[in-house]
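Letter by letter, the chains look like this.
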Amino acid sequence: MLKRILIANRGEIALRILRSARELGIETVAVFSEADRESLDVKFADRAVCIGRAPAQKSYLNIDKLITVARALNCDGVHPGYGFLSESYEFALALEGEGIKFIGPDPETIKNMGNKSYAIASVKKLKVPTVPGSDGNVKNVDEALKIAEKIGYPVLLKAAVGGGGKGIRKVSSREEMQNLFKIVKLEAGSSFKDDSIYLEKFIENPRHIEVQILADDFGNVIALPERNCSIQRENQKMIEESPAPNISNELGEKLKKAAINAAKACKYKNAGTVEFLVDRDENFYFIEMNTRIQVEHPVSEMVTGIDLIKEQLKIAAGLKLKIKNEDIKIHGHAIEARIIAKDPFNNFKASSGSLEFFHGPSGMDTRFDSDLYQGLNISPFYDSMIGKLIVMDKTRSLAIKKLRRALEELVITGVQTNLWYVYTICYIYEFLRGNYTTNFLFENEKEILKIMGEFHDKYLERQD
């Protein structure tokens, strides 16, 4: 087993990793920027080291500083969490050169599967369905126009490297292509330092379904029940659930098989996620592979009882997976709501400042992953997500009721959040039916905002 790991991240995921590591008897080293000096992972870790000023480039994205700390404190592993350097080939390679284990896949796998064009080409060889589009990257606008006219508009232009919903634009006509091609290349270059882009057919009203995998050094790969991540705003996920509602058992098995094949094809190791689009007729298409733990991993943990972070740490230590695919059972239905510091009453404007009051929900099968506490300062320098509320119950209907109750218990004042927004989603008919697609928020946002205001007014009346 690993003896001491450095956690190259912050916030709730740093605290999440710390907890699992401690339960396995692994010492932890937290790193923090000057803005995060009072974070809970800093207080709870065995050691904590300041690595620079608040901007991520000066701290959490500074590879040299992270490696210097890991080497100085004799860390034998580094867990990158998600975001920041979690899918950085350069970081994983540099750690490998130092003899320090990157808790994730091998550097070459990160490089290859992190390039979506390469990943699509790889799974095509296994006859895994992919979205019609370019074979690899698109070199110029003329090539993009030819492909778009062949497969038909609308199409998507997408950054070949990166994620988080950046560098993606829908193109509906030849005229739009002329303008948006340049814009997407600029976005890709500025966000990911690589302006490579590819093109694929825009699938109307799809569901965004993904499969969590774990793979060890001995060729064993397991796939957990699928997750539905279709409730997205501006390509950012907001609510996720597992198992996916209104998915046939046959399709679920096909998705898991395709995910396992994709992992074996690239000799994948550690935790990863294979993402698909599913249309109304249950045709599915591979879109990408995330070579890291995902924000939404807790819903998979809740329904299976598998601690994914512990499994990551065991695999990184060279241990063989003890779990087999036939051992994985679904124990209920889990839903996760991301809590972000943005104001839905003000066009989701980012919010920061000191938490005046905080109360987290609790109860049976209710989990709130965050590092929040009263008086903590929410920094404007990092991602807006400040917590994740996850609940589980025997059925989806009961899980939704539990999520409503838990959201009612959650109190955060001092910064604006989307709490009322996600609470309102739990009452929208299409969500209750479980038949929603990635267009859910676009199609229902006016109704959500209207009902949200009514809920909020009634809440204020009760307070008076």
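Not measured: the values here are computed from a predicted model. (Residues numbered from 1 in each chain as written. Predicted model: local features only at pLDDT ≥ 70, side-chain atom pairs only at ≥ 80, totals over all residues. Heavy atoms only, no water.)

Caption draft 1: Here's a closer look at the overall build of the chain. The helix and strand tally for the chain stands at 15 helices and 23 strands. Compactness check: the chain gives a C-alpha radius of gyration of 22 Å against a globular reference of 23 Å for 464 residues, within 12% of the reference. Along the first, second and third principal axes, the C-alpha set of the chain runs to 60 × 55 × 45 Å. Considering only contacts within the chain whose residues lie at least 6 apart along the sequence, 67% involve residues at least 24 apart. Accessible area for the chain stands at about 20,200 Å²; split by element, carbon and sulfur atoms hold 48% of it. (Helix = DSSP H or I, 4+ residues; strand = E, 2+ residues; numbered from the N terminus. Rg over C-alpha atoms; globule rule 2.2 N^0.38 Å. Contact = heavy atoms within 4.5 Å. Areas by Shrake-Rupley, 256 points an atom, 1.4 Å probe, with all protein chains shown as cover.)

Caption draft 2: Summary view of the packing of helix α3 (residues 63–72) against helix α4 (residues 89–98). Packing of α3 against α4 brings their axes to within 11 Å, and their N-to-C directions diverge by 30°. In terms of axis orientation, α3 runs roughly parallel to α4. Considering how the two elements wind past one another, α3 and α4 form a crossing that is right-handed. Where α3 approaches α4, its residues I63, L66, I67 and R71 are matched on the opposing element by E90, F91, A94, L95 and E98. Across the contact of α3 with α4, the residue classes tally to six nonpolar, no polar and three charged. (Axes fitted to C-alpha atoms, helices over the stretch in contact; angles between N-to-C directions. Parallel < 35°, antiparallel > 145°, perpendicular 65-115°, else oblique. Left-handed = near helix turned anticlockwise from the far one by under 90°. Nonpolar A, V, L, I, M, F, W, Y, C, P; charged D, E, K, R; others polar.)

Caption draft 3: Fine view of the sheet that holds strand β1 (residues 4–7). The strand order β3-β2-β1-β4-β5 describes an open sheet built from five strands, whose pairing is parallel. Since the sheet does not close on itself, it has two edges, and those belong to β3 (47–52) and β5 (101–102), each with one partner. Summarising the sheet, strand β2 (residues 27–33) and β3 pair through five bridges and their orientation is parallel. Across the sheet, F32 pairs through a bridge with C50, a residue of β3. Each of β1, β2, β3 and β4 (77–79) touches α3; the most contacted strand, β3, lies at about 155° to it. (Pairing = 2+ DSSP bridges.)

Caption draft 4: Inspection of unusual backbone geometry at higher detail. The amide bond that connects Y153 to the next residue, P154, takes the cis arrangement and shows omega of 0°. Note that P154 resides in the loop between α7 (141–151) and β6 (155–159). Here the phi dihedral of K267 falls at roughly 55°; this positive angle occurs in a residue that is not glycine. Positive phi, normally seen in glycine, also occurs at D365, with a value near 55°. As for its position among the elements, D365 is in the loop between β19 (357–359) and β20 (366–370).

Caption draft 5: Summary view of the pairing of strand β9 (residues 207–215). Counted residue by residue, β9 has nine buried out of nine residues, so it is predominantly covered. Side chains R207, I209, V211, I213 and A215 project from β9 onto one buried face, and the interleaved H208, E210, Q212 and L214 project onto a second face that is buried too. Of the pairings in the sheet, the one linking β9 to strand β13 (residues 270–278) comprises nine bridges and is antiparallel in character. The partner of I209 across the bridge, within β13, is F276. Here β9 pairs with strand β11 (residues 227–233) via two bridges, running antiparallel. Residue pairing in the sheet places E210 in a bridge with R227 of β11. Hairpin geometry of β9 and strand β10 (residues 221–223) is characterised by an intervening segment of five residues between the two adjacent antiparallel strands and by a positive phi of about 85° at G219. (Buried < 20%, exposed > 50% of the residue type's maximum accessible area, 1.4 Å probe, protein only.)

Purely geometric numbers; function is a separate question.
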